[in-house]
Amino acid sequence: MRATYLYGTGDIRVDEVPDPEIQEPTDALVRVVRACVCGSDLHRYHGYAGEPRPMGHELLGVVEDVGADVTTVRRGDFVICPFGIQDNTCVYCREGMQTSCLHGHFFGTGGVGGAQAEAVRIPLADGTLVRTGTALADTDEAMLNSLLSLSDVFLTGHHAAHMGKVGPGRTVTVIGDGAVGLSAVLASRRLGAERVVLMGRHTDRTDLGVELGATDVVPERGEEGVARVRDLTDGQGTHVVIEAVGHMPAYQQSYGVVRVGGVISRVGVPQYEDAPVGWGSLFGRNITLTGGPAPVRAYIEDVLPDVLAGRIDPGRVFDRVLPLDQVAEAYRAMDAREALKVVVLP
């Protein structure tokens with residue numbers, strides 16, 4: 001089969017590799033129907049040295065085979081696969097933190113390939129795979145991108161809003177107009193946020209953000225951006241700030257615009273280890289700092305009915321579709337900001 005590998009910085013290739021096989025009785029083999037490129041994939045794309053690494057962690061697929069102990073999915077099921085592998089039964093999974101599963105891991109590790117491929121072996125299939133409830137043949141093609149978004153991107157935005165305790169009457173600032181930031185806008189409105197300020201400067205993206213529920217757009221950055229958000233909120237800032245970038249300037253903007261007693265919820269993978277947490281940034285104003293890798297398995301069943309009923313359309317963050325053979329172009333286009341998020345078709 002064909003699968004995507006990262007050979008070095010900026011070097012994405014599609015290789016012919018052996019077909020995956022059942023290795024454990026808890027495994028499933030999934031034929032990939034749709035995958036995509038994630039903003040976090042670009043972090044490695046920007047700087048990688050090592051053995052060729054399988055790429056991709058978001059997918060929709062059809063179950064081709066299952067191990068002897070698998071009971072919750074069977075051959076032919078159309079499934080969503082979260083970006084983390086989990087048993088969904090350990091103590092952390094039961095507490096809704098499946099990305100910290102005691103027995104789980106991530107794509108590209110533990111002998112698991114990448115999702116940007118024609119097929120993939122899924123360990124712990126009972127705890128990981130979620131049936132869509134419809135057959136692939138009976139699913140409207142226009143809905144496939146929204147279903148794909150439940151493997152990571154939309155539910156990462158939802159996780160940010162959930163951890164920030166977004167709800168009716170709350171005001172939210174979303175920093176970052178990438179796919180996760182736009183997903184956080186939609187998720188915040190779905191959870192009842194009264195006002196959502198989107199901080200981003202790419203008008204094609206912020207225009208989509210307005211369509212997804214942003215009430216205000218702030219293109220300014222740094223101190224100027226902080227001042228603008230505070231001006232919009234009578235000098236107070238917003239109850240919740242969702243940081244969907246992962247770089248220090250975005251974190252600094254976060255504690256600049258958060259309201260006294262508010263929450264900063266980070267889901268942009270941080271490209272730093274040290275950050276201000278003292279009196280002038282968080283402590284002095286009783287600011288809560290939260291967020292992390294989204295345990296999307298915890299949220300799928302709650303959100304899936306809204307997608308199937310057409311009440312939300314999170315798949316709108318995908319703006320380009322390319323075949324697997326052109327996956328290197330998908331990375332290049334996203335890295336150059338020519339594409340927001342690219343679907344990859346095996």
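Draft legend 1. Summary view of the packing of helix H4 (residues 141-149) against helix H10 (residues 300-308). Viewed as axis vectors pointing N to C, H4 and H10 meet at an angle of 160°, and their least axial separation amounts to 10 Å. Here H4 is positioned roughly antiparallel relative to H10, judged by the angle of their axes. Note that H4 runs across H10; the crossing there is right-handed. On H10, the residues that touch Met 143, Ser 146 and Leu 147 of H4 are Leu 304, Val 307 and Leu 308.

Draft legend 2. Quick look at the sheet that holds strand S11 (residues 171-175). Pairing is parallel across the open sheet formed by six strands, whose spatial order is S13-S12-S11-S14-S15-S16. Where the open sheet ends on each side, the last strands, each with one partner, are strand S13 (216-218) and strand S16 (288-291). Within the sheet, the average angular offset between the axes of one strand and its neighbour, ignoring direction, is 20°. Pairing of strand S15 (residues 258-266) with S16 involves four bridges; the strand directions are parallel.

Draft legend 3. Inspection of the sheet that holds strand S1 (residues 2-8) at higher detail. Taken in spatial order, the three strands line up as S2-S1-S4 in an open sheet, and their pairing is antiparallel. Of all strands in the sheet, those with a lone pairing partner are strand S2 (11-16) and strand S4 (53-54), marking the two edges. Taken together, the six bridges between S1 and S2 define a ladder with antiparallel strand orientation. Each residue of the ladder has a partner; that of Tyr 5, found in S2, is Arg 13.

Rules used throughout
- Here the residue numbering is sequential within each chain, running from 1 through the sequence in written order.
- Two thresholds apply to this predicted model, a pLDDT of at least 70 for residue-level local features and 80 or more for giving and counting side-chain atom pairs, whereas whole-chain, interface and lining totals are computed over all residues.
- By convention in this description, side-chain values take in all heavy atoms of the structure and omit both hydrogens and water.
- Note on geometry: axes are lines fitted to C-alpha atoms, helical ones only across the stretch in contact, with angles between N-to-C directions running from 0 to 180 degrees.
- In this text, helices come from DSSP runs of H or I with a minimum length of four residues, and strands from runs of E with a minimum of two, each type numbered from the N-terminal end.
- Each angle is binned into one of four classes, with values under 35 degrees roughly parallel, values over 145 roughly antiparallel, values of 65 to 115 roughly perpendicular, and all other values oblique.
- Less than a right angle of anticlockwise turn of the near helix away from the far helix marks a crossing as left-handed, whereas a clockwise turn marks it as right-handed.
- Contacts: residue pairs with any heavy atoms within 4.5 Å of one another.
- In this scheme, strands are said to pair when DSSP sees at least two bridges between them.

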